[in-house]
Amino acid sequence: MSLQRKIMTLIAPIPDPTTRMDVASTINYLFSVYNTGVVNDDEVKDALFEVCRDVLEATNPDLGMEEIRKRAETLAKEFMSAFKLESSVRRMMSRFRGRFMPL
């Protein structure tokens, strides 16, 4: 699943459009930071975990804290996988841009 689709899936249950935009912007910012290589993967994953946990707590108040923690950890891992895939695609696109004639 693409990064943008993952973000949309996470924010879909949030009723407030401003909050949805804030969460999406935060995740996109974390992706930009990840792409620069300024911070290590663990720091980005921890930040993603916090964002996912906060969203899950707000949208699923009936779940226990342990279940929210497990789901947030899974989502953070999925986002990191999407970050890695998306950044590798961008690197390849920039590496070969201009070398081939468009059809």
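Definitions and limits used
- Residues numbered from 1 in each chain as written.
- Predicted model: local features only at pLDDT ≥ 70, side-chain atom pairs only at ≥ 80, totals over all residues.
- Heavy atoms only, no water.
- Helix = DSSP H or I, 4+ residues; strand = E, 2+ residues; numbered from the N terminus.
- Buried < 20%, exposed > 50% of the residue type's maximum accessible area, 1.4 Å probe, protein only.
- Contact = heavy atoms within 4.5 Å.
- Areas by Shrake-Rupley, 256 points an atom, 1.4 Å probe, with all protein chains shown as cover.
- Phe/Tyr/Trp six-rings, centres within 6.5 Å; stacked < 30°, edge-to-face > 60°.
- Salt bridge = Lys/Arg side-chain N within 4 Å of Asp/Glu carboxyl O.
- Expected span 1.5 Å × (residues − 1).
- pLDDT = per-residue confidence, 0-100.
- Axes fitted to C-alpha atoms, helices over the stretch in contact; angles between N-to-C directions.
- Parallel < 35°, antiparallel > 145°, perpendicular 65-115°, else oblique.
- Nonpolar A, V, L, I, M, F, W, Y, C, P; charged D, E, K, R; others polar.

Asks: Go over the overall build of the chain with me, naming the residues and quoting the values.
Replies: In terms of helices and strands, the chain carries four helices and zero strands. For the chain, buried positions account for 27% of its 103 residues. A fraction of 61% describes how many contacts in the chain between residues 6 or more apart in sequence connect residues 24 or more apart. When the accessible area of the chain is evaluated, it comes to approximately 7,100 Å², of which 56% is carbon and sulfur surface.

Asks: So what's going on with the packing of aromatic side chains? Which residues, and what values?
Replies: Counted according to the given criterion, the structure contains two aromatic pairs. Ring geometry for Y34 versus F83: centroids 5.8 Å apart, planes at 45 degrees, classification tilted. Placement of the pair is Y34 in helix α2 (residues 17-36) and F83 in helix α4 (residues 65-96), with a sequence separation of 49 residues. Through a chain of ring-to-ring contacts, three or more aromatic side chains come together here, namely F31, Y34 and F83.

Asks: I'd like a description of the environment of D41, backed by residues and values.
Replies: Within the secondary structure, D41 is located in helix α3 (residues 41-59). For the pair D41 and M80, spaced 39 residues apart in the sequence, the C-alpha separation amounts to 8.0 Å. Those residues within four positions of D41 in sequence are excluded, and the remaining contacts are Y34, M80 and K84.

Asks: Report on the pattern of salt bridges, specifying residues and quantitative values.
Replies: Inspection of the entire model under this criterion finds six salt bridges. Measuring nitrogen to oxygen at the nearest pair gives 3.5 Å for the salt bridge that ties R53 to D54. Residue R53 is classed as partly exposed on the basis of its relative accessible area, which comes to 26%. Each member of the salt-bridge network shares a partner with another, and the members are R53, D54 and E57.

Asks: Explain α3 to me, and be specific about the residues and the numbers.
Replies: For α3, which comprises 19 residues, the first-to-last C-alpha distance of 27 Å matches the rise-based estimate of 27 Å (1.5 Å per residue) to within 8%. Taken as a whole, α3 has its buried residues at V44, L48, F49, V51, C52, V55 and L56.

Asks: Pulling in residues and values, what's your account of the confidence of the model for the chain?
Replies: As a note on interpretation, predicted positions should not be read in detail where pLDDT is low. Across the chain, pLDDT averages 90, with 89% of residues at or above 70. In the model of the chain, α4 stands out as the element of lowest mean pLDDT, 88, in contrast to α3, which has the highest, 97.

Asks: Which residues make up the packing of α2 against α3, and what values do they have?
Replies: One way to put it is that α2 packs onto α3 with a least axis distance of 10 Å and a crossing angle of 170 degrees. As the angle between them shows, α2 and α3 are arranged roughly antiparallel. For the pair α2 and α3, the contacting residues are V23, T26, I27, L30 and Y34 in the first and D41, V44, A47, L48, V51 and V55 in the second. Of the residues contributing to the contact of α2 with α3, the split by class is nine nonpolar, one polar and one charged.

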